[in-house]
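The residues making up each chain are set out below.
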Amino acid sequence: MAAPILPYRSVLLTGGRGFVGRYLLPVLQARLAPEAIVHRLDRHGAEQDAVDLLDPVAVRALVARTRPELIVHLAAQSSVGQSAGQAADTWRVNVGGTVNLAEAVAAECPDATFAFSSSAEIYGSAFNGGRVDETTPPLPQSVYARTKRAAEEVLADTLRPENRLIIFRPTNHSGAGQDGRFVLPAFAEQIAAIEAGGRPGVIRVGSLTAERDFLDVRDVVNAYVGVLAQPGGDQRQTYNIASGHPVPIAHLLDHLLQLASVPITVEPDPARMRPSEVVRTEVASGRIRAQTGWVPHIALRDTVADVLEGCRRRAT
């Protein structure tokens, strides 16, 4: 059966040039009606849409011109590690930019649907109590997680009651093209460099015992689109997106080492041995599964292989 057409004539996508955006944009375009238009709000996008989210006047002008029926807000400073060292910039981008966009949508598109890519990271230390679901009170621990949680609240407070607000909270997701600030491509980049002869055959690592829930970025995109294809529903909706099967970080590294074409030694690096305050992240995603039928289809081993192949192409 053919996938349903998304019921929007004008879409505004932020962060379309980012990692998830590069996967989401072609899926949106394929699922929209032929006459529908996707506008991208990118600082370095097409000339007419080259708008900085931190410029409230420019953001409102773009929203007023495009009159989107759907806004998909992906743009963010998305690395947990990087955000810790750039706290002020992370708050400006992740919260200040969201304020500007929400105000523009409330003023210019009071009936639009607003979909926000948050993160399961917002649950933070709540993970220490076991499995979390959408009713679990968030207890964010990092700058990144606190800004994502704050942005959720900004949207709930700023958008009009008539605006449908959808909040997505995906777990860790990866795929070819993700940069080395994230754990899986960070390992894969080192292996690709070793294979290319660019470094000694040793990977130095921190703790590998923390357990995290990993998804393929394509499964996350399909989850987003599955919700967006349903025009009805409550005005305020939150969805966890997760496999439900956390694995140790060591599991990812083992997969990569099995795929490596040369012998590689793993050595612990005391400087990286920072104990995790959250040992295991277990996320329930029953709500999105029940409402849309979504389930992840791409095996973790396949995602790992895709990430490594992408790093190999960049290393040659």
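Read on for an overview of the structure. Everything quoted here is computed from the prediction, not taken from an experiment.

Attention shifts here to the pattern of salt bridges. By the definition in use, this model includes 18 salt bridges. Between Glu309 and Arg312 there is a salt bridge, with the nearest N and O atoms lying 2.4 Å from each other. Taken together, the positions of Glu309 and Arg312, both in helix α10 (residues 300–315) and three residues apart, correspond to about one turn of that helix. Put simply, Arg131, Glu211, Arg280 and Glu282 are held in one network by salt bridges that share partners.

We now examine helix α1 (residues 19–31). Where α1 is concerned, the buried positions are Phe19, Val20, Gly21, Leu24, Leu25, Leu28 and Arg31. Lining the buried residues of α1 we find β1 (10–14), β2 (37–41), β3 (70–73), β6 (172–174) and α7 (217–228).

Here we take up unusual backbone geometry. Here the phi dihedral of Arg67 falls at roughly 45°; this positive angle occurs in a residue that is not glycine. Structurally, Arg67 can be placed in the loop between α2 (56–66) and β3.

Here the focus is the sheet that holds β2. As summarised here, the arrangement of the six strands in space is β2-β1-β3-β4-β5-β10, forming an open sheet in which the pairing is parallel. Both outer strands of the open sheet, β2 and β10 (236–241), are each paired with one neighbouring strand and no more. With direction set aside, neighbouring strand axes in the sheet form an average angle of 15°. Note that strand β4 (residues 113–117) and strand β5 (residues 164–170) share five bridges and pair parallel. Bridge assignment links Ser117 to a residue of β5, and that residue is Phe168.

So, about the pairing of β2. With five bridges connecting them, β1 and β2 associate as parallel partners. Note on β2: the bridge partner recorded for Thr14 is Leu41. Read as a crossover between parallel neighbours, the route from β1 over α1 to β2 is right-handed.

This part covers the packing of helix α6 (residues 183–195) against helix α8 (residues 249–259). Two numbers describe how α6 lies on α8: the axes approach to 10 Å, and their chain directions differ by 25°. If you check the angle between α6 and α8, you find them roughly parallel. The two elements α6 and α8 meet at a crossing, and its hand is right-handed. Contacts from Val183, Leu184, Phe187, Ala188, Ile191 and Glu195 of α6 reach α8 at Ile249, Leu252, Leu253, Leu256, Leu257 and Leu259.

Right, let's get into the side chain of Arg169. Summarising the element assignment, Arg169 is placed in strand β5. Among the polar contacts made by the side chain of Arg169, one reaches the side chain of Tyr123 at a distance of 2.8 Å.

This next bit is on the nonpolar core. Note on soluble globular proteins: their nonpolar side chains tend to be buried together. Membership of the largest hydrophobic core comes to 31 residues, with the highest contact counts inside it found for Leu6, Leu24, Phe168, Tyr224, Leu228 and Ile241. When residues of this core are traced back to their parent elements, those giving at least two are β1, α1, β3, β5, α7 and β10. Of all the elements, α7 adds the most residues to this core, at eight residues. Excluding residues that lie within four positions of it along the chain, Phe168 makes contacts with Ala115, Phe116, Ser117, Ser118, Ser119, Ala223, Tyr224, Val227, Tyr239 and Ile241. The next biggest cluster of nonpolar side chains, apart from the first, holds 23 residues, and it includes Ile191, Leu208, Ile249 and Leu300.

A few words on the pairing of β4. Among the five residues of β4, five are classified as buried, and the element is accordingly described as predominantly covered. The pairing of β3 with β4 spans four bridges and is classified as parallel. Opposite Ile71, over in β4, you have Phe114 as the bridge partner. The handedness of the β4 to β5 crossover, carried by helix α5 (residues 143–158), is right-handed.

Looking now at the layout of surface pockets. In this model, the second largest pocket occupies a volume close to 160 Å³. Every residue along the wall of the second largest pocket is listed here: Phe214, Leu215, Asp216, Asp219, Ser243, His245, Val247, Pro296, Ile298, Ala299, Leu300 and Thr303. Element by element, the count of residues in the lining of the second largest pocket is highest for strand β9 (residues 214–216), at three residues. For the lining of the second largest pocket, the per-class residue count stands at seven nonpolar, three polar and two charged.

Conventions we followed
Residues numbered from 1 in each chain as written. Predicted model: local features only at pLDDT ≥ 70, side-chain atom pairs only at ≥ 80, totals over all residues. Heavy atoms only, no water. Salt bridge = Lys/Arg side-chain N within 4 Å of Asp/Glu carboxyl O. Helix = DSSP H or I, 4+ residues; strand = E, 2+ residues; numbered from the N terminus. Buried < 20%, exposed > 50% of the residue type's maximum accessible area, 1.4 Å probe, protein only. Contact = heavy atoms within 4.5 Å. Pairing = 2+ DSSP bridges. Axes fitted to C-alpha atoms, helices over the stretch in contact; angles between N-to-C directions. Right-handed = clockwise from strand over helix to strand, strands pointing away. Parallel < 35°, antiparallel > 145°, perpendicular 65-115°, else oblique. Left-handed = near helix turned anticlockwise from the far one by under 90°. Polar contact = N/O pair within 3.5 Å; in protein donor to acceptor, adjacent residues only side chain to side chain. Core = buried A, V, L, I, M, F, W, Y, C linked by side-chain atoms within 4.5 Å. 1 Å grid on protein atoms, 1.4 Å probe; cavity = no way out; pocket = protein on both sides within 12 Å on 5 of 7 lines; lining within 4 Å. Points joined across faces, edges and corners; volume = space filled by probe spheres on them. Nonpolar A, V, L, I, M, F, W, Y, C, P; charged D, E, K, R; others polar.

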